[in-house]
Each structure stands twice: as structure tokens, then as C-alpha cells.
Amino acid sequence: MKLSDILYKVSIRSIVGSTDIEVKDVQIDSRKIKKGSLFIAVKGSAADGHLFIDKATEAGASVVVCEVLPVSKKDGVVYVQVENSAEAAGYMAANFFEQPSERMKVVGVTGTNGK
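This section reports on the structure supplied with the text. The numbers attached to residues start from 1 for each chain and follow its sequence in the written order. In keeping with the model being predicted, local features are shown solely for residues with a pLDDT of at least 70 and side-chain atom pairs are shown and tallied solely at 80 or more, while totals for entire chains, interfaces and linings include all residues. Processing note: side-chain calculations cover all non-hydrogen atoms of the structure and skip hydrogens and water entirely.

Attention shifts here to the overall build of the protein chain. Scanning the protein chain from terminus to terminus reveals three helices and five strands. Only C-alpha atoms enter the radius of gyration, while the globule expectation follows 2.2 Å times N to the 0.38, with N the number of residues. At 17 Å, the protein chain has a C-alpha radius of gyration far larger than the 13 Å of a compact globule built from 115 residues. Seen through its C-alpha atoms, the protein chain measures out along the principal axes to roughly 65 × 30 × 25 Å. Contacts were defined at the residue level, with two residues in contact if any of their heavy atoms lie within 4.5 Å. In the protein chain, of all internal contacts separated by at least 6 residues, the share reaching a separation of at least 24 is 49%. Calculation of accessible area relied on Shrake-Rupley with a 1.4 Å probe; when residues are assessed, cover is drawn exclusively from the protein chains displayed. Carbon and sulfur atoms form 52% of the exposed surface of the protein chain, whose accessible area is close to 7,400 Å². Strands here mean DSSP runs of E at least two residues long; helices mean DSSP runs of H or I at least four residues long; both are numbered from the N terminus.

Here it is in C-alpha cells:
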């Protein structure tokens, strides 16, 4: 899927590189990166994904989505700076997997023990 399609509805601050690039998968875990992956650097409670940007690009990430752009950028990698990485991850996952929630049927069952 094209990066431009994955970024639909994402609040973007800046882009370094072209959005006309093919993305094979979307990851927030740098250990799961393969050649052609998109890595989202999310600031978590235990670790900051921005610390793993270099590891992700060395493993083959072709796109990095982050809140703070790294000082040194690797040639051939597209960097997308966003307002909020965690929020952007939700939009990008939904776009990458072609809006799966729109095809789901939801049923709710409630009960109060006969009250």
C-alpha cells in the first residue's frame, strides 16, 4: 500500500522524502521490522520508541513516523513528523488494513440477574 494512502487523516507536521513509496507492513515494535516496513515511534510509559529509530532503519524500515525528527537521517528513508504518534498509529493501522471496523457487526448483550 502507498504511504500517501496510509497517512490519510493523520495530523502531519512535516515530511522528509516522498509519500509515493510502497509500505509492506506497519509496526510499533522495532524488533519486528522487515525490509519495507513502516515504523511508528510511540512514546510509552516504559520506553520511548524514538530511542529505537536507528535500530528500525538498520533492520530495513523504509518509513519512520515520529513526533521528534532524528538529528541524523538515513538516506532512502522517509521521515514523517506527526503531532501524536499514538493517535497516528490508530489511523495508520485502520488505513493499512482497509478500515476493518466498518465491516464488523457489533452485538451487545446485557443482563442484571432478573432485576
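Text resumes after the structure shown.
What follows is about the sheet that holds strand β1 (residues 12-16). Here a strand pair is declared whenever DSSP counts at least two bridges between the two strands. Here five strands make up an open sheet; going across it, the order is β1-β5-β4-β3-β2 and the pairing mixed. Edge positions in the sheet fall to β1 and β2 (25-27), since each of these pairs with one other strand and no more. Direction aside, neighbouring strands of the sheet carry axes that sit 15 degrees apart on average. Two strands pair when backbone bridges link them, and β2 and strand β3 (residues 37-40) are joined in this way by three bridges, in the parallel orientation. Bridge assignment links D25 to a residue of β3, and that residue is S37. What counts as an axis is a line fitted to C-alpha atoms, over the stretch in contact for a helix, and the angles between N-to-C directions run from 0 to 180 degrees. Set on the sheet, helix α3 (residues 85-96) makes contact with β2, β3, β4 (63-66) and β5 (78-82); between it and β3 the angle comes to about 155 degrees.

Note on definitions: salt bridges are taken to be side-chain nitrogens of Lys or Arg within 4 Å of carboxyl oxygens of Asp or Glu. Inspection of the entire model under this criterion finds five salt bridges. The shortest N-O distance in the salt bridge between D25 and K34 comes to 4.0 Å.

This next bit is on the pairing of β3. Residues in a regular strand point their side chains to alternate faces of the sheet. Burial of β3 is two-sided: the residues S37 and F39 facing one way and the residues L38 and I40 facing the other way are all buried. One ladder, built from three bridges, connects β3 with β4; its direction is parallel. The partner of L38 across the bridge, within β4, is V63. Handedness of the crossover joining β3 and β4 through helix α2 (residues 53-58) is recorded here as right-handed. Only protein chains enter the area calculation, which uses a 1.4 Å probe; residues under 20% of their type maximum are buried, those over 50% are exposed, and those in between are partly exposed. Note on handedness: a crossover is taken as right-handed if, strands pointing away from the viewer, the path from the first strand over the helix to the second is clockwise.

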